[in-house]
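Inside the fold
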Amino acid sequence: MGFGPLLLLALLEGLVTAALLALMALGLSLVFGVMRVVNVAHGEFFMLGAVLAWVVSTAFAGHPAIGFIAALLVAPLAVGAVAYLAERLVLKRLNYDPEATIVATIGLLYIIQQLALTVYGADARPVQPPFNIRIQLPWFGYSGYKLFVIAAAILLLLGAWFVLARTRAGLVMRATQYDAETAQAFGIPVGRVYAYVFALGAMLAALAAVLIVPVSQAHYLMGRDPLLLSFVVVIIGGLGSLRGTVVAALLIGLSDGIISTLFFSPTLAKILATLLVALVLVFRPQGLFGTAAR
Amino acid sequence: MNGASTARIWLLHLAVIAALAAAGFLLPDYHRGVFSRILVLAVFAMGYNLLLGYCGLLSLGHAMFFAAGLYGAGLPLYHLGWGMPASFAAGLAAGSVLALVVGALALRTVGVAFMIVTMMFAQVFYLTTLYFTTWTRGEEGLVLPPAARRVELGDVVLSLSDPATRYMVALVLFSAVLLVCLKLVRAPFGRTLAGIRENEERMRMLGYDTFRAKLGAVVVSGVICAAAGAAYGLMFGYVGSGFASIQYSILPLLWVLVGGAATTLGPLVGTAFMVYVIDYASGLTTAWLMLVGAALIFVVLFFPKGILGTVRERWLKWLP
Amino acid sequence: MAALIETKALSRAFGGLKAVDAVDFRLETGEIRAIIGPNGAGKTTLVGLICGRVAPSSGTILFEGRDITRLPAHARVMAGIAYTFQITSVFPKLSVYDNVALPVQRRLLAQGGVSRSALDAGVAEALDKVGLTGHAASLAGDLAYGHQRLLEIAMGLALKPRLLILDEPTQGLSDGEIEGFIALVREIARDATILLIEHNMQVVMELAGRITVMNAGRILAEGAPAEIRADKAVQDAYLGTKTDG
């Protein structure tokens, strides 16, 4: 394959990564933006989504599309329920103290990870994609499902933007993010908003997982890398900016795609890329679209 | 703060050290071995506590300082045949240089950006240890031969492969760092850091060069963590990339928060607690991580400021 | 003799808004100067430029003839400029003693060393001046609002500054507290030059030797209290006529 087509392949792979990162980072950004807490277990919600997707889709014999659709509905809801419970039982009692929340979510991480290991096992298991169409480009064939993932993610992000910017629920969330005390004074049930936002963040991560699991595999340790990457995306994009999150996800997803596809020594490339991103933050701490401190 | 409470504080710390010394003779071999590890890791935690608890800076990259000490000491010993004291010094030097550079850059950010930047610098360090695999052997790591981990003082030979010697060396390091930290936090520098933690803008307008103070805190923290890393490598004879991974950045955070941030003895309590909870749980079941997670949630619900932090808040207000 | 503070064409713009517009300001040693003006006139910004919290867009600032425009805020504090915040900015979780100990410590560090006795003496002196001696052990966050304001002033005094800048110090104080404040400022003025931003006209007229009136980022008028009170432009912009009171 010549360089051009190879680059195109790298970009396509990068777009898939970017799509997932954007969804996951959006979930994290909501939680961190509205509740001001760091959820270290965010990656585990992702992993849980993937594992549940495997469980649900293998429960349905017949056409894999049925199992996939079922997984798409069940997994995020189940993960959201887990997150909701965790928020009500633990995070609320801690009064969302930032340091205590970190410890509690680390504990949650350990519990969920161990649960997956015990019940699901240490193996990586594949999930059947709902359809197996291959798009034949002049230079290479590309998985039609991956293009579907990109499209689905774009739709979901547009939906999220619509909810946040144009619905009452979104207004309530943005108001709570901007000033929780004032929001409460206006009659907004801040406690319940927090619970739903936490659940929503987890659901977004689970959705991303269900989308990706047919082309990767479900494994109990798969939450770690996405967690780190989505944190980076949220901060680089600038807190509180949906546009920033998407742009940062694109940047990081595409560069990750380019690095893994084009470079034979990915380690050195990763070193330089990480260093570059870190230096961007050092000299522009508010990220790309965040508001600069005076 | 008066003379009586100062005496009480020093007495408490000396008593803890004395108790640990006695334990070195009284504990059965297994537990003495566990405690050797706990003491060195507690030094790591104390270095981290200086930055998190006293200065209010949450770093997610402290594994790089621990690993700088580990590799800074291990590599010269293994490849260049350096003696132990020189290797240890090299580990400290590596940690301080790294802390100076990283601090100068990372301190331009605050809050979550600082967390991410430190995490990324640590990731770069980790990947670098993997990249130079000819010297470091990456994840597989280097085993430091017992013959190299000995010091001869006249007729006496101190071998770090000997468990009793190991414990004493760990205790000496721990005690030294504990007392240094105690002195630091009660000195003007400690008060300065506390002020920066509480209201940095106000500190600037009171004439403090807060950047320099924070940089100083990062360097001291980095040197202490590097000392722990160098000691760990020399004592247990193994140097590997795993110690530079994100896990070793999360662990000191956990130890400090569980034990009680901004307390001098909290890091020891937190490290001992976590090591023993893991030890105990893994003896009970293969699903021990779940028990550890539950223990963490339990501790944080009942001791929201960490074990010693909550004790200080509710009962012993004079605890430093 | 050089003025204590002199600014030349000092400006600060925030985007399109000129908060401070080419201001030439002069403050002599030993004055008690009040800066007054409507909200948004640029008073806090001007004062922020002088003490270094805000960076200028253009212009120069001189302190005793020395150009301090590039000097960072903490260095200006050590040169002798102290600032108390408009919105009380103490260390709420530290004791009153510790709050004042921080500036005292800073001063002692610059002079060579910090000893326990020097620290205690410095704190006691500052607390005594404002009348908070009995509260030394209380947490700053537990103090009543008026006492927190006094603590702010004590922290400024502990630096033994040449210029003490007070930003709306009487806001939220009761009448009795304001009386005490006026007496306190007269005391402090024996050792330091005072620059205060105030809305309370009674305080301004009683304390100020000279008044600077600002409006829309510029100096509208400057002079003795009687002159200012009679000035037509000032009345139109800010004070109102006699019937408004």
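Residues numbered from 1 in each chain as written. Chains lettered and ligands numbered in written order. Predicted model: local features only at pLDDT ≥ 70, side-chain atom pairs only at ≥ 80, totals over all residues.

1. Some details on the sheet that holds strand β4 (residues 58–63) of chain C
Spatially, four strands are ordered β2-β1-β4-β5 (chain C) in an open sheet, and the strand pairing comes out antiparallel. Lying at the two open borders of the sheet, with one neighbouring strand each, are β2 (17–27) and β5 (66–67) of chain C. (Pairing = 2+ DSSP bridges. Helix = DSSP H or I, 4+ residues; strand = E, 2+ residues; numbered from the N terminus.)

2. Here's the deal with the confidence of the model for chain C
Looking at chain C as a whole, the pLDDT averages 90, with 97% of positions reaching at least 70. Interface confidence for the predicted complex, expressed as ipTM, amounts to 0.89; the pTM equals 0.89. (pLDDT = per-residue confidence, 0-100.)

3. A short note on the environment of valine 157 of chain B
Residues and elements named next belong to chain B. Residue position: valine 157 is located in strand β3 (residues 156–159). Here valine 157 falls in the exposed class, since 11 other C-beta atoms lie within 10 Å of it. Between the C-alpha atoms of valine 157 and leucine 41, which are 116 residues apart in sequence, the distance is 25 Å. Setting aside its immediate chain neighbours within four residues, valine 157 contacts Arg150 and Glu152. (Buried ≥ 20, exposed ≤ 12 C-beta atoms within 10 Å, placed from the backbone. Contact = placed C-beta atoms within 7 Å.)

4. With respect to the interface of chain B and chain A
The interface is formed by 34 residues belonging to chain B together with 34 residues belonging to chain A. Where the side of chain B that touches chain A is concerned, the elements lending two or more residues are α4 (84–106), α5 (111–131), α10 (247–259) and α12 (288–302) of chain B. Here the element with the most residues in the side of chain B that touches chain A is α5 of chain B; it accounts for 12 residues. For the side of chain B that touches chain A, the per-class residue count stands at 29 nonpolar, four polar and one charged. (Nonpolar A, V, L, I, M, F, W, Y, C, P; charged D, E, K, R; others polar.)

5. Considering the sheet that holds strand β9 (residues 210–215) of chain C
Residues and elements named next belong to chain C. Strand order in this open sheet of six strands is β6-β7-β8-β3-β9-β10, and the pairing throughout is mixed. In the strand order of this sheet, the two ends are held by β6 (81–84) and β10 (218–223), each with one partner. When strand polarity is set aside, the average angle formed by the axes of neighbouring strands in this sheet is 20°. As paired elements, strand β3 (residues 32–36) and strand β8 (residues 193–197) share four bridges and run parallel to each other. Looking across to β8, one finds that alanine 34 is bridged to leucine 196. (Axes fitted to C-alpha atoms, helices over the stretch in contact; angles between N-to-C directions.)

6. Focus: the pairing of β8 of chain C
Residues and elements named next belong to chain C. Within β8, five of the five residues are buried, leaving the element largely enclosed by the surrounding structure. Side chains Thr193, Leu195 and Ile197 project from β8 onto one buried face, and the interleaved Ile194 and Leu196 project onto a second face that is buried too. By the bridge criterion, five bridges tie strand β7 (residues 163–167) to β8 in an arrangement that is parallel. When the bridges of β8 are listed, isoleucine 165 appears paired with leucine 195. A crossover connection joins β7 to the parallel β8 through helix α6 (residues 175–188); in handedness this β-α-β unit is right-handed. (Right-handed = clockwise from strand over helix to strand, strands pointing away.)

7. Quick notes on helix α5 (residues 144–166) of chain A
Residue and element names in this part refer to chain A. If you check α5, its first and last C-alpha atoms are 32 Å apart, about what 23 residues at 1.5 Å a residue would give, namely 33 Å. Inspection of α5 places Tyr145, Lys146, Val149, Ala153 and Ala160 among the buried residues, and these make up the whole buried set. Its buried side turned inward, α5 meets α1 (3–35), β3 (141–143) and α8 (190–212). (Expected span 1.5 Å × (residues − 1).)

8. Quick word on unusual backbone geometry
Phi is positive for arginine 137 of chain B, which is not a glycine, with a value near 55°. Position of arginine 137 of chain B relative to the elements: it lies in the loop between α6 (133–136) and β1 (142–143). Since 17 C-beta atoms lie within 10 Å of it, arginine 137 of chain B is described here as partly exposed. Positive phi outside glycine occurs at alanine 9 of chain C, with the angle close to 50°.

9. Topic: the packing of helix α2 (residues 42–59) of chain A against helix α3 (residues 64–91) of chain A
Residue and element names in this part refer to chain A. Packing of α2 against α3 leaves a shortest axis separation of 8 Å and a crossing angle of 140°. In terms of axis orientation, α2 runs oblique to α3. Every pair of crossing elements has a handedness; the one defined by α2 and α3 is right-handed. Here α2 contributes Phe45, Leu48, Gly49, Leu52, Ala53, Val56 and Ser57 to the contact with α3, which in turn contributes Pro64, Gly67, Phe68, Ala70, Ala71, Val74, Ala75, Pro76, Ala78, Val79, Val82 and Ala83. Partitioning the contact of α2 with α3 into residue classes produces 16 nonpolar, three polar and no charged. (Parallel < 35°, antiparallel > 145°, perpendicular 65-115°, else oblique. Left-handed = near helix turned anticlockwise from the far one by under 90°.)

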